[in-house]
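Commentary on secondary and tertiary structure
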Amino acid sequence: MKLSELKELDDTYHMPTYARLPVTFVKGRGTRLWDDNGKEYLDLLSGIGVVNVGHCHPEVTAAIQGQAESLMHVSNLFYTQPQLELAKKITEISFGERCFFANSGAEANEGAIKLARRYAKLKDSDAYEIITALRSFHGRTMKTLAATGQLDKHKPFEPLPPGFKHVPLNDIDILMGAVTENTCAIMLEVIQGEGGVYECDADYLKQVRQLCDERDILLIFDEVQTGMGRTGAMFAYQGVGVEPDVMTLAKGIGSGMPIGVLVANAKAGSSFKPGEHGSTFGGGPVVCAAALATIKVIEDESLVENSRETGAYVKIKLEAMKAKGAPIKEIRGAGLMLAIELDGESAKELVVALLDKGIVANNIGSNIIRFLPPLCITRDEIDYAFGVVESLMV
Ligand SMILES: *Cc1c(COP(=O)(O)O)cnc(C)c1O
């Protein structure tokens, strides 16, 4: 079908939720995408930080195919091997001791919110409030929307469920002042993604950890975007040296299969009793096989190291562009989760111009451009892509 026909179908039959760019992608491989005219693109977005190992990685594809041929679904009334192998693997590579599987980032965060309340109740506390950061993003369900610290996103859906307080990032005094006997958890992104790529200071996170320990409230890191090597560590908490009690994962762990994971340490991880939380699809054999293969590829191909080293290389290139006079106000992020804040309001125009030149990137609002390339991207590809970025900016 032609783009114009798809656009008409979208305009007619899909809810008007997405402002899509005018491209139909039909194929992906590694760092490359192809549209329906056969035009090749270099992907600096990874489907919003999802295809960390590259598009259609042969080992991930084979894992999905193999599992889809033997068993796709039986529900969690029974045991399946990929799910429990994946739970074990995640605890081996993280602080976590127990996992629960959901189907998306928002749903993993819903689980984290429920877990924090359950943890408090098991201590005979009625604490229910969760403190999150302004500018944060935690999802689109009613609760995760309420957790999201972007008040303009709340407006169309008010009243939102109660129980969330938002504080400015990196200000420990305000956070300490916000904690009350009603607080059951603090939830943060180690690097805010959708909000515009803003990093938590490592010192701040250490103080938050201490605060949570003193008050026996849970520290939840939403690593839906920062996890799976994205920031130059397997999980961003490792990069800053602060362990949460609970972590959520989604985007990069399934290479495009819908999966969310709630990971918890021993003290929080046993709070749900049978029947208190669940999912029909969560932890299904196909998505878990895809996630196991994805983690194996991240390890086998040293993609965490590549994310860290190539990310540092991109930052140097961006600094050089700025020095040459590109209208860049600030360069932010870590590993291959990077953004430039522009002096002007031309982010969308720049993203459209890049797309025309065969490079996929993403703008956040009118003045931030975000880069989330597959973690397997090479320096040659970076040189090429940022050469094009520079040609449009300097
Ligand atoms: C994308 C994102 C979510 C929501 O994930 P969905 O899979 O879209 O529900 C939650 N938290 C963070 C930090 C994200 O980047």
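Residues numbered from 1 in each chain as written. Predicted model: local features only at pLDDT ≥ 70, side-chain atom pairs only at ≥ 80, totals over all residues. Heavy atoms only, no water.

1. Let's talk about a nonpolar patch on the surface
Taken together, the side chains of Met 1, Leu 9 and Tyr 13 make up a nonpolar region of the molecular surface, amounting to roughly 400 Å² of accessible area. Position of Leu 9 among the secondary structure elements: in helix α1 (residues 3-13). Under the relative-accessibility criterion, Leu 9 is labelled partly exposed at 37%. (Patch = residues over 30% accessible without salt bridge, like charges linked within 9 Å, V, L, I, M, F, W, Y side chains within 5 Å. Areas by Shrake-Rupley, 256 points an atom, 1.4 Å probe, with all protein chains shown as cover. Salt bridge = Lys/Arg side-chain N within 4 Å of Asp/Glu carboxyl O. Helix = DSSP H or I, 4+ residues; strand = E, 2+ residues; numbered from the N terminus. Buried < 20%, exposed > 50% of the residue type's maximum accessible area, 1.4 Å probe, protein only.)

2. Considering helix α4 (residues 81-93)
In this model α4 runs 18 Å from its N-terminal to its C-terminal C-alpha over 13 residues, within 8% of the 18 Å that 1.5 Å per residue would give. Three or more residues of α4 are buried, namely Pro 82, Gln 83, Leu 86, Ala 87, Ile 90 and Ile 93. Considered in projection along α4, the buried side chains sweep an arc of 140° and stay on one side of the axis. Opposite its buried face, α4 presents the exposed residues Gln 81, Lys 88 and Glu 92, each directed more than 90 degrees away. Along its buried surface, α4 packs onto α3 (58-70), β4 (98-102), α10 (236-240), β11 (246-249), β12 (260-264) and α12 (285-300). (Expected span 1.5 Å × (residues − 1). Arc of directions from axis to C-beta. Contact = heavy atoms within 4.5 Å.)

3. Here's the deal with the UniProt feature "binding site: pyridoxal 5'-phosphate" (unreviewed entry) in the chain
In the numbering adopted here, UniProt assigns the feature "binding site: pyridoxal 5'-phosphate" (unreviewed entry) to Gly 105, Ala 106, Phe 137, Asp 222, Glu 223, Val 224, Gln 225 and Thr 280. The named residues occupy 176 residues along the chain; their greatest pairwise C-alpha distance, 25.5 Å, places them well apart from one another. When you line up the elements, Phe 137 lands in the loop between β5 (129-133) and α6 (142-147). With residues up to four places along the chain from it excluded, the contact list for Phe 137 reads Thr 148, Gln 150, Lys 153, Glu 189, Glu 194 and Asp 222. On the secondary structure map, Gln 225 appears in the loop between β10 (218-222) and α10. Ignoring anything within four residues of it in the chain, the contact list for Gln 225 reads Gly 193, Glu 194, Arg 230, Lys 251, Met 337, Arg 370 and Leu 372. (UniProt positions renumbered as here; feature names shortened; annotations may be inferred.)

4. Some words on the packing of aromatic side chains
Taken as a whole, this structure holds four aromatic pairs when the rule is applied. Where Phe 25 meets Tyr 41, the ring centres are 5.0 Å apart and the plane angle is 85°; that geometry is what we call edge-to-face. Taken as a pair, Phe 25 in strand β1 (residues 25-29) and Tyr 41 in strand β3 (residues 40-43) lie far apart in primary sequence, 16 residues in all. Judged by its relative accessible area of 34%, Phe 25 falls in the partly exposed class. Residue Tyr 41 is classed as buried on the basis of its relative accessible area, which comes to 4%. When the centroid spacing of 4.9 Å and the interplanar angle of 65° are considered together, the rings of Phe 371 and Phe 386 count as edge-to-face. Of this pair, Phe 371 sits in strand β17 (residues 368-371) while Phe 386 sits in helix α15 (residues 379-393), and the two are 15 residues apart along the sequence. Through a chain of ring-to-ring contacts, three or more aromatic side chains come together here, namely Phe 95, Phe 235 and Tyr 237. We note Lys 27 situated over the ring of Trp 34; from NZ or CZ to the ring centre the distance is 4.9 Å. (Phe/Tyr/Trp six-rings, centres within 6.5 Å; stacked < 30°, edge-to-face > 60°. Lys NZ or Arg CZ within 6 Å of the ring centre and 35° of its normal.)

5. Regarding the site of the ligand
Residues in contact with the ligand, as listed here, are Ser 104, Gly 105, Ala 106, Asn 109, Phe 137, His 138, Gly 139, Glu 189, Asp 222, Val 224, Gln 225 and Lys 251. For the ligand, a nitrogen atom lies 3.3 Å from a polar atom in the backbone of Phe 137. When isolated, the ligand has an accessible area of 380 Å², and the protein chains bury 82% of it. If one sorts the elements of the shell around the ligand by residue count, helix α5 (residues 105-122) sits on top with three residues. When grouped by side-chain class, the residues that make up the shell around the ligand number three nonpolar, six polar and three charged. (Near = heavy atom within 4 Å. Polar contact = N/O pair within 3.5 Å; in protein donor to acceptor, adjacent residues only side chain to side chain. Nonpolar A, V, L, I, M, F, W, Y, C, P; charged D, E, K, R; others polar.)

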